[in-house]
Amino acid sequence: MRSTADAVIIGGGCIGVSTLYYLAKLGMNNVVLLEKASLASGSTGDSAAIVRQHYSNEVSVRLVMKSIEILRSFPEEFGTEVFNSIGWIFLVPPSAQSSFVINMRRLQKLGVRTWEISPQEVVLEHISGLVLDDISKVAYEPDSGYADPHSTVLGFANMARHLGAEIRVNTPATGIIMSRNKITGVKTNDGQISTSRVINAAGPWAQEIAKWVGLDLPLEVSREQEMMLRISPNRPSLQRSVSNMVDQTYFRPTRDPSTILVGVGHPKKNELVNPDSYNTHADNTFLEDVSNRISRRIPDFSESEIISSWAGLYTITPDWNMIIDKVQDIKDFYLAVGGSGHSFKLSPAIGQCLAELVVYGEALTVDITSLRAGRFDDNTTLQSTYGGNRG
Ligand SMILES: Cc1cc2nc3c(=O)[nH]c(=O)nc-3n(C[C@H](O)[C@H](O)[C@H](O)COP(=O)(O)OP(=O)(O)OC[C@H]3O[C@@H](n4cnc5c(N)ncnc54)[C@H](O)[C@@H]3O)c2cc1C
């Protein structure tokens with residue numbers, strides 16, 4: 001392990017590795033990324049990784065548009081295909097109709113390829129067998145879909161290594177060494193690294209790392225369940241990623257045409273947990289409830305078999321958007337925390353912007369000043385139309 005680095009990144013999820021790659025690409029390659037377990041072993045590996053552009057704040061829209069561009073470039077830039085741009089469908093109930101109309105106008109103005117389609121069109125062209133009750137509005141995004149979070153992380157990691165960066169798995173950071181307000185090093189279970197710069201990308205453990213330097217971050221960690229269904233061979237395979245605000249579910253196909261991934265969307269109650277001791281298995285009540293919701297909406301799915309299920313973690317900020325910032329009172333300590341249940345899709349662009357912030361002192365690709373940490377103190381939090389991780 002290098003004993004001296006220009007920067008140490010703590011956390012090998014989608015945020016940490018994309019930042020590592022872009023730092024190396026910008027010429028800062030004497031960087032060490034510490035991952036306490038394996039790459040993508042935190043929230044990233046449990047993610048549904050649905051990619052959609054329907055957000056109600058400009059920074060997220062611009063970040064996801066840039067991220068889609070990066071995900072699409074994976075075959076040429078990283079030699080691997082990670083993105084399935086199969087299209088995304090958003091089912092909206094009557095209660096959210098007016099917000100939907102405002103959002104669609106804003107998205108189109110920002111350049112997102114999205115348009116409203118009729119519920120009948122959804123059944124004919126996108127999701128056969130869908131029950132249309134209570135669906136008031138439908139949005140379609142042809143360029144969205146889903147990605148493979150593991151391959152995305154590995155693509156960034158391999159290329160960062162190729163450019164000279166170092167990744168240490170099974171190597172937890174155990175402390176940050178300070179001299180007054182300056183960082184001088186990072187302790188690990190395998191020795192120390194001298195560095196003056198640290199990036200906290202530790203996902204659900206970000207609060208623990210922040211406390212080492214005396215910071216208290218506004219983060220909560222919530223348990224989130226998902227399951228995989230094998231659909232009946234008599235039923236046509238699912239062709240689109242779907243966010244269903246009517247029944248509070250989301251679902252998408254996988255590379256295996258006979259399976260779909262399903263989870264529960266907002267509004268719902270957060271289940272706050274300790275990231276070191278939570279139940280990683282889904283509850284039977286969840287499995288039953290979600291199976292019922294899915295079969296009501298697409299009756300053909302009632303024949304499906306549950307083939308796997310799990311519970312992962314959201315790291316939530318008060319306005320459900322990440323904090324990407326250089327800390328004011330500690331020299332060269334950066335925060336890339338609070339993925340809030342929807343930041344896999346933003347992570348390629350976030351890594352690029354954060355690397356620019358580190359190297360140039362400001363993000364050039366997308367203006368990310370609205371994600372600064374101080375927004376919770378000066379009341380400039382980001383507003384969200386639908387609430388929760390729907391944005
Ligand atoms: C069930 C579920 C569904 C989701 N669905 C979607 C979706 O459809 N679309 C979407 O865009 N987003 C989704 N998300 C959210 C998305 O996955 C997260 O926002 C994103 O993965 C956060 O990435 P991260 O790199 O910040 O955190 P993580 O992936 O958790 O990475 C942090 C890493 O830091 C490591 N670490 C912690 N402490 C230390 C230490 N002391 N030393 C070294 N390493 C350390 C951890 O082991 C971990 O690997 C979902 C999340 C979950 C849980």
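Residues numbered from 1 in each chain as written. Predicted model: local features only at pLDDT ≥ 70, side-chain atom pairs only at ≥ 80, totals over all residues. Heavy atoms only, no water.

## Some words on the site of the ligand
Stated precisely, the cut-off is as follows: Whether a residue is near a molecule or strand depends on its heavy atoms: it is near if one of them lies within 4 Å of it. Definition of a polar contact: a pair of N or O atoms within 3.5 Å, with one able to donate and the other able to accept a hydrogen when the atoms are protein atoms, and with sequence-neighbouring residues admitted only if both atoms are side-chain atoms. A 1.4 Å probe and the Shrake-Rupley method give the accessible areas. Residues count as covered only by the protein chains that appear here. The way it works is that DSSP assigns letters per residue, a run of H or I at least four long becomes a helix, a run of E at least two long becomes a strand, and they are numbered from the N terminus. Here the nonpolar group is Ala, Val, Leu, Ile, Met, Phe, Trp, Tyr, Cys and Pro; Asp, Glu, Lys and Arg are the charged ones; every other residue, Gly included, is treated as polar.
Surveying the vicinity of the ligand reveals 39 residues, the closest of which are Glu35, Ser43, Thr44, Ile50 and Lys345. Interatomic distance of 3.1 Å between a side-chain N/O atom of Ser47 and an oxygen atom of the ligand. Taking Ile50, its main chain carries an N or O atom lying 2.9 Å from an oxygen atom of the ligand. For the ligand, the protein covers 97% of the area, taking 1,000 Å² as the surface of the free molecule. If you list the elements that add at least two residues to the shell around the ligand, you get α1 (14-25), α2 (43-46), β14 (220-230) and β18 (305-316). Across the shell around the ligand, the residue classes tally to 18 nonpolar, 15 polar and six charged.

## What to know about the sheet that holds β18
To keep it simple, the criterion reads: Note on pairing: two strands pair once DSSP finds at least 2 bridges between them. Between two residues, a contact is recorded if the distance between any of their heavy atoms is within 4.5 Å. Note on definitions: angles span 0 to 180 degrees between N-to-C directions of axes, and those axes are lines fitted to C-alpha atoms, for helices only across the stretch in contact.
Sheet architecture is open: eight strands sit in the order β6-β7-β5-β15-β16-β17-β14-β18, paired in mixed fashion. The open sheet has two edge strands with one neighbour each: β6 (115-116) and β18. Note that strand β5 (residues 88-92) and strand β7 (residues 137-141) share five bridges and pair antiparallel. Looking across to β7, one finds that Leu91 is bridged to Val138. Sheet strands in contact with helix α9 (residues 284-297) are β14, β15 (241-244), β16 (249-253), β17 (259-264) and β18, and its direction is about 55 degrees off that of β14.

## Details of the pattern of salt bridges
Oppositely charged side chains are able to pair whenever their charged atoms sit close together. This is how it is decided: The salt bridge criterion pairs a side-chain nitrogen of Lys or Arg with a carboxyl oxygen of Asp or Glu, the two atoms within 4 Å. Three exposure classes are used, based on accessible area relative to the maximum for each residue type with a 1.4 Å probe and protein chains only: buried under 20%, partly exposed in between, and exposed over 50%.
The final tally for this structure, using the stated rule, is 20 salt bridges. Between Asp143 and Arg113 there is a salt bridge, with the nearest N and O atoms lying 2.9 Å from each other. In this pair, Asp143 is assigned in the loop between β7 and β8 (145-147) and Arg113 in the loop between α5 (97-109) and β6, connecting sequence segments 30 residues apart. Residue classification places Arg113 among the partly exposed positions, given a relative accessible area of 43%. With its nearest N and O atoms 2.9 Å apart, the salt bridge here joins Asp283 to Arg223. Of the two residues, Asp283 sits in the loop between β17 and α9 while Arg223 sits in strand β14, which places them 60 residues apart along the sequence. With relative accessibility at 26%, the residue Asp283 sits in the partly exposed group. Residue classification places Arg223 among the buried positions, given a relative accessible area of 5%. A network of salt bridges, in which partner residues are shared, links Arg2, Glu166, Arg168 and Asp190.

## Some thoughts on the layout of surface pockets
To keep things clear, this is the line we draw: Each cavity reported here is a set of points on a 1 Å grid over the protein atoms alone in which a 1.4 Å probe fits but cannot get out, each pocket an open set with protein on both sides within 12 Å along at least five of seven lines, and each lining residue one with an atom within 4 Å of a point. Grid points are joined across faces, edges and corners, and a volume is the space filled by probe spheres set on the points.
The volume enclosed by the second largest pocket comes to roughly 310 Å³. If you go around the second largest pocket, you meet 16 residues; those closest to its centre are Leu215, Leu335, Ala373, Gly374 and Asp377. Here the element with the most residues in the lining of the second largest pocket is strand β19 (residues 323-326); it accounts for three residues. The residue makeup of the lining of the second largest pocket, split by class, is eight nonpolar, two polar and six charged.

## Notes on the packing of aromatic side chains
So the rule is basically this: Note on ring pairs: Phe, Tyr and Trp rings are taken, using the six-membered ring of Trp, and paired if centres are within 6.5 Å. Classes follow the plane angle, with under 30 degrees stacked, over 60 edge-to-face and the rest tilted. Counted as over-ring charges are cases with an Arg CZ or a Lys NZ within 6 Å of the ring centre that also lie within 35 degrees of the ring normal.
Per the stated rule, a full pass over the model turns up 12 aromatic pairs. Taken together, a centroid distance of 5.1 Å and an interplanar angle of 75 degrees make the contact between Phe78 and Phe156 edge-to-face. One end of the pair, Phe78, is in helix α4 (residues 74-78); the other, Phe156, is in helix α7 (residues 149-162), and 78 residues separate them in sequence. The class for Phe78 is buried, based on a relative accessible area of 10%. The buried category is assigned to Phe156, whose relative accessible area is 1%. Taking the centre distance of 5.4 Å and the plane angle of 80 degrees together, the rings of Phe90 and Tyr386 count as edge-to-face. Of the two residues, Phe90 sits in strand β5 while Tyr386 sits in the segment after α10 (347-360), which places them 296 residues apart along the sequence. Neither residue differs from the other here; Phe90 and Tyr386 are each classed as buried. Through a chain of ring-to-ring contacts, the aromatic side chains of Tyr21, Tyr22, Phe74, Phe78 and Phe156 assemble into a single cluster. Arg52 extends its terminal NZ or CZ atom over the ring of Tyr55, reaching a point 4.1 Å from the ring centre.

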